[in-house]
Structures are given as structure tokens and as C-alpha cells.
Amino acid sequence: MPRKGIIVRRAQATDPVYDSPLVDKFICSMMWEGKKSTAQRAFYGAMDQVAKKTNDDALKIFNKAVPVEVNPFRRQSLAIRWLLQYSRERSGKTMVDKLADELIDASNSRGGAMKKKEDVHRMAEANKAFAHYRW
């Protein structure tokens with residue numbers, strides 16, 4: 001807690017294609033060893049595949065795949081982390097294919113990231129039942 005007042009959050013940078021701060025945050029999380037252009041190429045390729053496979057707006061599918069019900073600042077971080085983790089674990093040829101399939105599955109409430117979200121919510125509900133006990 002700061003002693004000199006409230007700290008104002010800086011404005012998040014936006015990506016050049018979709019002009020979305022969430023997309024830029026996702027690309028920065030996806031980046032390894034400072035290779036942002038490689039992460040952008042993989043992400044935009046995955047978004048093109050999502051648009052072709054679903055015949056829908058790729059950004060709408062992406063936004064539908066990302067949020068989970070926790071603190072708003074933590075929500076995006078967890079969702080991004082889970083989407084990247086489970087897309088990297090998927091079997092497939094390239095990261096573009098794996099990320100596109102995981103985004104489509106997440107927007108349809110399937111896939112590894114959504115299973116992780118449901119497991120976390122189930123554990124939270126189970127722990128909430130015992131919250132009134134003082135250990």
C-alpha cells in the first residue's frame with residue numbers, strides 16, 4: 001500500500017492490427033526471449049485460422065475465450081496464462097494451429113483452459129463451504 005496516494009495505472013499499449021490492449025497483453029505474454037515479431041506472427045496466424053474455421057469475427061471469439069470470473073485485473077492474466085499453457089501442450093504442427101484450436105475450444109467452453117477454469121471454480125466452491133470454520 002503506497003503512502004503517498006493512489007497509484008494510477010498506466011495506459012496499456014494496443015496492437016497494430018486489432019487496436020486492442022488485451023491482444024497486446026496476450027502477445028507479450030506469448031513472447032519468449034524477446035521475440036515479439038515471432039509471437040505476433042503466431043498470434044495473427046492463429047486469428048486468421050479462427051476466422052476461417054468459425055466464419056465469425058476472430059476478435060469476438062478471442063474476447064469470448066479470455067475472461068474468467070475473478071478479480072478484473074487478475075482475470076486476464078490467468079486466462080492468458082491458461083490459454084498459452086494448454087495451447088503449448090496441444091499436439092499439432094505449429095503454434096499457430098495449436099493456438100487457433102485452443103481459442104476456438106475456449107470460446108465454445110471446451111479445451112484445457114476451460115477445464116482448468118472449471119476446476120478452479122469447483123475448488124473455490126468446495127473451499128467456500130468450509131470458510132466459516134476458524135482453524
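Structural data are supplied above this passage.
Residues numbered from 1 in each chain as written. Predicted model: local features only at pLDDT ≥ 70, side-chain atom pairs only at ≥ 80, totals over all residues. Heavy atoms only, no water.

1. Details of the pattern of salt bridges
When charged atoms on two side chains of opposite charge get close, those side chains can pair. Applying the stated criterion across every chain, the model contains 8 salt bridges. With a shortest N-O distance of 2.8 Å, Glu102 and Arg90 are connected by a salt bridge. Here Arg90 lies in the loop between α4 (72-89) and α5 (95-107) and Glu102 lies in helix α5, a separation of 12 residues in the sequence. Since its relative accessible area comes to 23%, Arg90 is described here as partly exposed. Taken together, the shared-partner salt bridges in this structure form one network comprising Arg90, Glu102, Asp105 and Arg110. (Salt bridge = Lys/Arg side-chain N within 4 Å of Asp/Glu carboxyl O. Helix = DSSP H or I, 4+ residues; strand = E, 2+ residues; numbered from the N terminus. Buried < 20%, exposed > 50% of the residue type's maximum accessible area, 1.4 Å probe, protein only.)

2. Some points on the packing of helix α1 (residues 21-30) against α4
Where α1 contacts α4, the axes come no closer than 10 Å and their chain directions differ by 50°. By the angle between their directions, the pair α1 and α4 is classed as oblique. α1 and α4 meet at a crossing whose hand is right-handed. Side by side, α1 and α4 meet where Leu22, Lys25, Phe26, Ser29 and Met30 of the first sit next to Phe73, Gln76, Ser77, Ile80, Leu83, Leu84 and Arg88 of the second. Classifying every residue of the contact of α1 with α4 by side-chain character gives 7 nonpolar, 3 polar and 2 charged. (Axes fitted to C-alpha atoms, helices over the stretch in contact; angles between N-to-C directions. Parallel < 35°, antiparallel > 145°, perpendicular 65-115°, else oblique. Left-handed = near helix turned anticlockwise from the far one by under 90°. Contact = heavy atoms within 4.5 Å. Nonpolar A, V, L, I, M, F, W, Y, C, P; charged D, E, K, R; others polar.)

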